[in-house]
Every structure is written in structure tokens, then in C-alpha cells.
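# Overview (structure and organization)
Spelled out, the chains give:
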Amino acid sequence: MACASCLSLLLVLAMSSAASAQLSSTFYDTSCPKALATIKSAVDAAVAQEARMGASLLRLHFHDCFVQGCDASVLLAGNEQNAGPNLSLRGFNVIDSIKTQLEAICKQTVSCADILAVAARDSVVALGGPSWTVLLGRRDSTTAASSTTVMNSLLPPSSSLAQLISGYGNLGLNPTDMVALSGAHTIGQAHCPSYRAHIYSDTNINQAFATSLKASCPAGSGGAAVLAPLDTTTPTRFDNAYFSNLLSQKGLLHSDQELFNGGSTDNIVRSFASSASAFGSAFATAMVKMGNISPKTGSQGQVRTTCSKVN
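Note on numbering: residues in each chain are counted from 1, in written sequence order. Whole-chain, interface and lining totals are the exception, using all residues; otherwise, since this is a predicted model, local features are given only for residues with pLDDT of at least 70 and side-chain atom pairs are given and counted only at 80 or more. Water and hydrogen atoms play no part in the side-chain values, which are based on all heavy atoms of the structure.

## Let's talk about the UniProt feature "binding site: heme b" (unreviewed entry) in the protein
Basically, it comes down to this: UniProt positions are given in the numbering used here, feature names are shortened, and annotations may be inferred rather than shown by experiment. Strands here mean DSSP runs of E at least two residues long; helices mean DSSP runs of H or I at least four residues long; both are numbered from the N terminus. Only protein chains enter the area calculation, which uses a 1.4 Å probe; residues under 20% of their type maximum are buried, those over 50% are exposed, and those in between are partly exposed.
The UniProt record annotates "binding site: heme b" (unreviewed entry) at His-185. Structurally, His-185 can be placed in the loop between helix H8 (175–182) and strand E1 (189–191). A relative accessible area of 25% means that His-185 is categorised as partly exposed.

Written out as C-alpha cells, the structure is:
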């Protein structure tokens, strides 16, 4: 009986490895050789027009991979997009434009899931961050996740350190990966309701920093359209300032400051704050791991011709 269980486990592990192994950095070299250059050109143009778009495109990839794997289900119109945590997602128009360009040169070849993965990398690079080799060959889901699944899969800004470690751990990402990926908050902005509780109720926050935020984010309710940069030091540059901010108790979200609050990840934050290269390397490693979460490959799913709807 024990051996049968071992065999089952080995089979599951082998199948899991096979799925990841089918992803390849050279996947489109023959079928669509201009794919990566096309995506990069479009991302560079979008970020040049609005720096915040880089953070928005990176966030799309996160919200895709954390909910039923990196399968572009987040791009399906309605569905996941209507779940609370996804209502503020942006950048769909940029992805749609890239898809249109790719369909014109390589019909039904490059998946929307792969576009998200490459656009995330190119966005980080465009804002001065590290690069990494994106593994390709994901296919697109034909079904979106339910709102309940989205709510259960995406960690809210109220998350504790234990919840963050557990949530990332369930996806095969260790605490170092979790802290590094949280460093994506070195770019982008958050809405007042996301940080209201932190600035009014938490004590582990720089009081002058909290006071400055309270000026535009009212207590109780309101301020839904008010935005604040997740990294006040260099809000549109992908660097390690986010971690230096945490050392000064200037994390915008409760979940940000939890990374440096007397817990097990304090030393990781210190390491990234003192070394931009250490952060960049860890972030690149973690992004490749995140991009490998439950990809559809081979004959699974489909390559959508329009990212917002199934074929």
C-alpha cells in the first residue's frame, strides 16, 4: 500500500515536471520569430506614455498566475475581472493591442498567457529593473475562475506575515520568493481603501508618513479614487527603495510592513534593502517560478485569437 502511494506521488511529480519542462525559452523561435520583439516594442511605448502602466501590466501577470495558474483566465471579459480584488486591474487595452499585432504576423500562435508573462518582464526592464529569461509555451484557459476562487486565491492587503508565507507557499513559492515578489511594490499605486486601516489603526507605521497620507485618504469611508505610490521614494523606478522604506516603517499597505515587523522575514528585507543586485536576482528567480504555476501546455486549453474571449 505504501509503495502504491509512493508510485502515485512520483507519477504526480513527474506529470508536474513534464508540464513545466514543456515551457521553453525558444518556443516561438520558429513559429513566430518576431513575437518577443513585437511585445517589447509595444510595452516600451505604453510605459513611455505612462510609467504606471508598467506596474499595471506586471500586476496582470500576478493576478493571472495566482488564480488557477498562468492561463490568461484573468483576461476573459467579465468573470474574474468582476471580483473585488480585480476591479482595479488595468492594461487590458495594451495586451489587446499586442495580441492584434501578433495575430497579424503569426495567426493563432502566441498565447495570451505568454503575452502576459513577457509583458511583465519587459515592463520591469522598461522601468530600470532586472531582466530574466521567460519560459514560453503556455496555452490559454477556456474557462475563468469564479469570484469565490479569486477571493480565496489573492491575498488581501490586510494579510499577516503568516498568511503571506502560507499563501505563497501553497503555490510553491518560499518566503524569499514571497518577499522578493512583494518588491514589485517598488512601482505602482494603491487606492485609499487598501491602506486606510494601516494608516489609521496600525502602530507599526512612521507617524509623519501616516499623517501625510491621511490628508487625502479620509477615515471611515470615501477616497475610493485616491491613489498613493507604493514606494514614495522612487515611485516609477524599479529598484530596492521599497525595502529601505520598510526599514523606516513606511510601507503603504499593512501586508507590506508585515515583511519587516519583528518576524522571520526581517533579515530578507534587510538584505534586499542593502543590495539592489540581491533583490534583482531574487526577483528574477521568483518571477520564473511564479510563471511556472500550473501552466496549460501541449493540447490543454487553446491559443485564443482574442484575449478577452474564448475561440
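## Some remarks on the state of the cysteines
Short version of the rule: Note on terminology: pairs of cysteine sulfur atoms within 2.5 Å are recorded as disulfides.
On inspection of all chains with the given rule, the structure shows four disulfides. The disulfide partner of Cys-32 is Cys-106, and the gap between their sulfur atoms is 2.1 Å. Measuring the twist about the S-S bond at about 85 degrees, one finds the Cys-32-Cys-106 disulfide to be right-handed. Of the two residues, Cys-32 is situated in the loop between helix H1 (2–21) and helix H2 (35–49) and Cys-106 in the loop between helix H4 (92–105) and helix H5 (112–126); the sequence distance between them amounts to 74 residues. The exposure class assigned to Cys-32 is buried, which follows from its relative accessible area of 1%. Residue Cys-106 is classed as buried on the basis of its relative accessible area, which comes to 9%. At a sulfur-sulfur separation of 2.1 Å, the disulfide partner of Cys-65 is Cys-70.

## Description of empty space enclosed by the protein
Where we set the bar: Using only the protein atoms, space was sampled on a 1 Å grid; points where a 1.4 Å probe fits but cannot get out form cavities, open sets with protein on both sides within 12 Å along at least five of seven lines form pockets, and lining residues are those with an atom within 4 Å of a point. Grid points are joined across faces, edges and corners, and a volume is the space filled by probe spheres set on the points.
Summed over the entire model, instances satisfying the criterion amount to one cavity of 30 Å³ or more. For the largest cavity, the full set of lining residues is His-61, Ala-117, Ala-120, Trp-132, Thr-133, Val-134, Leu-135, Arg-138, Met-287, Val-288, Gly-291 and Asn-292. For the lining of the largest cavity, the secondary structure elements donating two or more residues are H5 and helix H14 (276–291). A per-element tally of the lining of the largest cavity places H14 first, with three residues.

## Description of the packing of H8 against helix H13 (residues 266–274)
Note the threshold: Between N-to-C directions, angles span 0 to 180 degrees; the directions come from axes that are lines fitted to C-alpha atoms, helices contributing only their stretch in contact. Should an angle fall under 35 degrees it is called roughly parallel, over 145 degrees roughly antiparallel, and 65 to 115 degrees roughly perpendicular, with every other angle called oblique. By definition, turning the near helix anticlockwise from the far helix through less than a right angle yields a left-handed crossing, and turning it clockwise yields a right-handed one. Two residues form a contact once any of their heavy atoms are found within 4.5 Å. Side-chain classes are defined by residue name, with Ala, Val, Leu, Ile, Met, Phe, Trp, Tyr, Cys and Pro counting as nonpolar, Asp, Glu, Lys and Arg as charged, and the others, Gly among them, as polar.
Their axes nearest at 10 Å, the elements H8 and H13 cross at an angle of 50 degrees. Judged by the inter-axis angle, H8 sits oblique to H13. Considering the relative orientation of H8 and H13, their crossing is right-handed. Touching Pro-175, Thr-176, Val-179 and Ala-180 of H8 are Ile-268, Val-269 and Phe-272, all from H13. Counted by class, the contact of H8 with H13 contains six nonpolar, one polar and no charged residues.

## Description of the side chain of Arg-121
Tracing the backbone shows Arg-121 in helix H5. The exposure class of Arg-121 is buried, given its relative accessible area of 13%. Once residues lying within four places of it in the same chain are set aside, the contact partners of Arg-121 are Ser-131, Trp-132, Thr-133 and Val-134.

## Some words on the packing of aromatic side chains
Note the threshold: Stacked, edge-to-face and tilted are the three classes for Phe, Tyr and Trp ring pairs, Trp counted by its six-membered ring, which pair at centre distances within 6.5 Å; planes under 30 degrees apart are stacked, over 60 edge-to-face, the rest tilted.
Throughout the structure, instances matching the rule amount to eleven aromatic pairs. Centroid distance Phe-238 to Phe-283: 4.9 Å. Interplanar angle 55 degrees. Geometry classified as tilted. One end of the pair, Phe-238, is in the loop between strand E2 (227–229) and helix H11 (241–247); the other, Phe-283, is in helix H14, and 45 residues separate them in sequence. The exposure class assigned to Phe-238 is buried, which follows from its relative accessible area of 4%. Overall, the relative accessible area of 0% leaves Phe-283 in the buried class. Measuring from centroid to centroid gives 5.2 Å for Phe-243 and Phe-272, while their planes differ by 65 degrees, and the two rings are edge-to-face.

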